[in-house]
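# Chains, contacts and geometry: an overview
Letter by letter, the chains look like this.
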Amino acid sequence: MLVERLFEGPFFETLRTQEQLGYVVRLGSIEFGRGSALTFIIQSERAPEYLEERINSFIEGMPKLLDELPQ
């Protein structure tokens, strides 16, 4: 849940506000058994392959976002 809280704002800001990829842009988390997973949801008219590329780009930039967080 901490990771979700850290990245939900930047995910929305980047993919919804800046890139304007879709009306619904949401990052969430789900828990199952002993694990959990992040979910990335974009409702858009764009091709799924393009959206997947943009989500992957965001994921690759997550370490940089962590480095930029204030102590």
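Here's what I pulled together on the structure shown here.

## Quick notes on helix α2 (residues 48–67)
Taking 1.5 Å of rise per residue, 20 residues should cover 28 Å, and α2 covers 30 Å from first to last C-alpha, within 8% of that figure. At G61, α2 is bent by approximately 40°, the largest bend along its length, and proline P63 sits one to four residues beyond. What α2 keeps buried is the set L51, R54, I55, F58 and M62.

## Considerations on the pairing of strand β2 (residues 35–43)
Here nine bridges tie strand β1 (residues 24–32) to β2, and the two strands are oriented antiparallel to one another. Opposite I30, over in β2, you have A37 as the bridge partner.

## Describing the packing of aromatic side chains
Throughout the structure, instances matching the rule amount to three aromatic pairs. Ring-pair connections join several aromatic residues into one group, and the members of that group are F7, F11, F40 and F58.

## What about unusual backbone geometry?
Phi angles above zero are rare outside glycine, and Q20 is one such case at about 50°. As for its placement among the helices and strands, Q20 is situated in the loop between α1 (2–18) and β1. By relative accessible area, Q20 is classed as exposed at 58%.

Quick notes on the rules
- Residues numbered from 1 in each chain as written.
- Predicted model: local features only at pLDDT ≥ 70, side-chain atom pairs only at ≥ 80, totals over all residues.
- Heavy atoms only, no water.
- Helix = DSSP H or I, 4+ residues; strand = E, 2+ residues; numbered from the N terminus.
- Expected span 1.5 Å × (residues − 1).
- Bend = angle between axes of the 7 residues up to and from the residue.
- Buried < 20%, exposed > 50% of the residue type's maximum accessible area, 1.4 Å probe, protein only.
- Pairing = 2+ DSSP bridges.
- Phe/Tyr/Trp six-rings, centres within 6.5 Å; stacked < 30°, edge-to-face > 60°.

Interpretation in functional terms is not warranted from these geometric data alone.
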